[in-house]
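One-letter residues, chain by chain:
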Amino acid sequence: MVVVDGRPLAQHAIDALDAAGADEVIVVTGHDAVKVASALTLPPHGRIVYNPAFKDGQATSLAAAIHALDDESEAAVILMADQPGVTSDVIRSLVDRFRSTRRQVVRAMYADGPGPSLLSREIYAEAGHLHGDVGARILIASHPEWVEEVAVGGPAPRDVDEPADLDGV
């Protein structure tokens, strides 16, 4: 279990979503699902969804999350568990921009590149049928007219994909 600043890596995303006031928090697990789930503390409106197809790529976890959303969900902020530096302020900025523009995709833009995105209900079907290790990137690339960018300043949070990435986190 990867721990950053005394908390499991995925806990950072959960806490940021909760602090931002997310109506629901869905955590998709795959590899070591029981171990990961047991290490996390979910808010009252959070739940774990197991993705049995996790080996087939990131898109399967996105689909699992989208299919688990409440029927009344208007949009979903998509966070990767490997970016512990995404803050509740960034999440709130995505939600605020969505509420004012109703765009299909609202994407955070850091000084050095893109960050997490919010996907509107309008494109859940497309996002839920992606394949491979692409996530929402393919929707953004295929439909730039759907995208509203929110400048959030500062460098993009570091990805923690391997043990060496933990140096300085």
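Residues numbered from 1 in each chain as written. Predicted model: local features only at pLDDT ≥ 70, side-chain atom pairs only at ≥ 80, totals over all residues. Heavy atoms only, no water.

Let's talk about the confidence of the model for the chain
Thinking step 1. Within the chain, residue pLDDT values average 92, and 95% of them lie at 70 or more.
Thinking step 2. For the chain, per-element mean pLDDT is lowest for strand β1 (residues 3-4), which scores 86, and highest for helix α4 (residues 88-101), which scores 98. (pLDDT = per-residue confidence, 0-100. Helix = DSSP H or I, 4+ residues; strand = E, 2+ residues; numbered from the N terminus.)

Describing unusual backbone geometry
Peptide bonds are, in most cases, trans, and in most cases residues other than glycine have a negative phi.
Thinking step 1. Although it is not a glycine, Asp5 adopts a positive phi angle of roughly 55°.
Thinking step 2. Summarising the element assignment, Asp5 is placed in the loop between β1 and β2 (7-8).
Thinking step 3. Of the residues examined, Asp5 reaches a relative accessible area of 65% and is grouped as exposed.
Thinking step 4. The backbone of Asp32 shows a phi angle near 55°, a positive value even though the residue is not glycine. (Buried < 20%, exposed > 50% of the residue type's maximum accessible area, 1.4 Å probe, protein only.)

Looking at helix α1 (residues 9-19)
Thinking step 1. Counting buried residues along α1, eight of its 11 residues qualify, which places the element largely inside the surrounding structure.
Thinking step 2. When α1 is considered as a whole, its buried residues turn out to be Leu9, Ala10, Gln11, His12, Ala13, Ile14, Ala16 and Leu17.
Thinking step 3. Buried-residue contacts for α1 involve β1, β2, β3 (25-29), α2 (33-39), β5 (75-78) and α4.
Thinking step 4. Just downstream of α1 lies Gly21, where phi reads positive at about 90°. (Contact = heavy atoms within 4.5 Å.)

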